[in-house]
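For reference, the chains in residue letters:
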Amino acid sequence: MKESVSIFSGEAKPLELITDEEMSALMVAIKNRYGLDFTNYEKASLKRGVNRLMMKHRMDSSLDLWGRILKDHDFFMSAIDDLLVNLTELFRNPDVWIKLRDEILERFKGESLKIWHAGCSTGEEVYTMAIVLEEKGLLGRTKIAASDLSTKALKKARDGEYSLEVIKPYLTPFLKFFPDRKLEDYFEFHDRHAAIKSHYKRNVTFERHNLVHDPVTGEYDIIFCRNVMIYFDEQLKLKVLNLFYKSLKPNGYLIIGYYDIMPDSGKLLFQVEDIRTRVYRKKEVKGSIQKPKFEKR
């Protein structure tokens, strides 16, 4: 794989292996071939993913990637993980989970709950929520839906098994939430991996879902979509926020990632509950509101 050297740092860095024009054409071809629409994903992030994929498979030309993606379905499905970086950890950003435990879940005592983790990746966030729900006595009364575009990530999430190398960094945020507990209270440890205890999976349904165009049935009390919208342009962000608005119960909560930015148009649909932890609440709109409009693609 060819490399270029920065005159400022002297460090080798990969060449850009695909032009903007080639990438745009490839995204259109993917949409036509697989029905997956990446055309409104944030272009710089998506381009980094394409370059990462080409470097991984030692491709020197976009033509190599084009042919492989469009002819090999299995290759493309596995390539999704390279195109979209999965950002998730157990008890990631502990302040969010403390906010949930101490304030938000207090409002659901004695009630049944429905929660959707949109873009759940490999499942650490889902199991974090299950642990928090158990702590509040709500786990048995909660149905959790977890979805992602990546079949590979979903399989790992369903298995609930993580290598010890992956688990080790989770200890610091875990102890901020549970200073007097051990990971062994929630995971079964083996020689090379740790598996979430089975009762945390009991009320969880994992399903492949594309936020860009797949429908959603039912209404939820809480929706998580953390560090997913950073890959979307403004048009796609608003489309997804509109989907979340329709999928939330009155006064339902939307929790986004620390790196996600709520667009101004999204503030017509959601009000800030706590800006520090990126918790929003569905607005109750009186009268009529101009709903976001989207072009048919």
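Refer to the preceding data block for the structure.
First things first, this report covers the structure right here in the doc. Being a predicted model, the structure only gives us computed values, none of them experimental.

## Here we look at the side chain of T88
Here T88 lies in the loop between α4 (73-83) and α5 (94-104). Judged by its relative accessible area of 15%, T88 is buried. Ignoring anything within four residues of it in the chain, the contact list for T88 reads S121, T122, E124, E125 and Y170.

## Topic: the sheet that holds strand β12 (residues 279-282)
Taken in spatial order, the seven strands make up an open sheet running β8-β4-β3-β9-β10-β12-β11, and their pairing is mixed. Of all strands in the sheet, those with a lone pairing partner are β8 (204-208) and β11 (270-274), marking the two edges. This sheet shows a mean twist of 20° between the axes of neighbouring strands, independent of strand direction. Examined bridge by bridge, strand β9 (residues 220-225) and strand β10 (residues 248-256) share five bridges and lie parallel to one another. Paired with Y220 across the strands is L248, a residue of β10. Where α5 meets the sheet, its contacts fall on β9, β10, β11 and β12, and the angle it forms with β9 comes to roughly 170°. Helix α6 (residues 124-135) contacts β3 (113-118), β4 (142-148), β8 and β9 of the sheet and is inclined by roughly 160° relative to β3.

## Some points on the sheet that holds strand β7 (residues 193-196)
Sheet architecture is open: three strands sit in the order β5-β7-β6, paired in antiparallel fashion. Both edges of this open sheet fall to β5 (161-163) and β6 (187-189), since each of them pairs with a single strand only. Neighbour to neighbour, the strand axes of the sheet diverge by 25° on average, direction disregarded. Direction of pairing for β6 relative to β7: antiparallel, over a ladder of three bridges. From the neighbouring strand, F189 faces β7, where its bridge partner is A194.

## Structural notes on the packing of aromatic side chains
The geometry of an aromatic ring pair is captured by two quantities: the separation of the ring centres and the angle between the planes. This model, assessed by the stated rule, comprises 15 aromatic pairs. Between W116 and Y220 the ring centres are 5.8 Å apart and the planes differ by 35°, which places this aromatic pair in the tilted class. Placement of W116 in strand β3 and of Y220 in strand β9 is noted, with a sequence separation of 104 residues between them. Residues W116 and Y220 agree in their burial class; the two are buried. Consider the rings of Y245 and F270, whose centres lie 6.0 Å apart with planes at 80°: the pair is edge-to-face. With Y245 in helix α10 (residues 234-247) and F270 in strand β11, this residue pair connects regions lying 25 residues apart in the sequence. A relative accessible area of 2% means that F270 is categorised as buried. The ring of F177 carries the charged tip of R101 above its face, separated from the ring centre by 4.4 Å.

## Brief notes about unusual backbone geometry
Its identity is not glycine, yet N93 carries a phi of approximately 55°, on the positive side. Among the secondary structure elements, N93 is positioned in the loop between α4 and α5. Of note in the backbone geometry, R278 takes a positive phi value of approximately 60° without being a glycine. Here R278 falls in the partly exposed class, since its relative accessible area comes to 22%.

## Thoughts on the packing of helix α1 (residues 20-34) against helix α3 (residues 62-71)
The angle between the axes and the distance between the axes are what describe a pair of packed helices. The contact between α1 and α3 brings their axes to 11 Å, and the two run at 10°. As judged from the angle between their axes, α1 and α3 are roughly parallel. When α1 is examined against α3, the residues E22, A25, L26, A29, I30, R33 and Y34 are found in contact with a partner set consisting of S62, L65, W66, I69 and L70. A class-by-class count of the residues in the contact of α1 with α3 yields nine nonpolar, one polar and two charged.

## So, the nonpolar core
Among the nonpolar cores identified, the biggest contains 48 residues, and F76, F244, L254 and F270 are the most heavily contacted of them. Residue assignment for this core shows that the elements contributing at least two residues are α1, α2 (43-56), α3, α4, β3, β9, α10 and β10. Residues in contact with F76, not counting those within four places in the same chain, are I30, Y34, L36, F38, I69 and L83.

What counts and what doesn't
Residues numbered from 1 in each chain as written. Predicted model: local features only at pLDDT ≥ 70, side-chain atom pairs only at ≥ 80, totals over all residues. Heavy atoms only, no water. Helix = DSSP H or I, 4+ residues; strand = E, 2+ residues; numbered from the N terminus. Buried < 20%, exposed > 50% of the residue type's maximum accessible area, 1.4 Å probe, protein only. Contact = heavy atoms within 4.5 Å. Pairing = 2+ DSSP bridges. Axes fitted to C-alpha atoms, helices over the stretch in contact; angles between N-to-C directions. Phe/Tyr/Trp six-rings, centres within 6.5 Å; stacked < 30°, edge-to-face > 60°. Lys NZ or Arg CZ within 6 Å of the ring centre and 35° of its normal. Parallel < 35°, antiparallel > 145°, perpendicular 65-115°, else oblique. Nonpolar A, V, L, I, M, F, W, Y, C, P; charged D, E, K, R; others polar. Core = buried A, V, L, I, M, F, W, Y, C linked by side-chain atoms within 4.5 Å.

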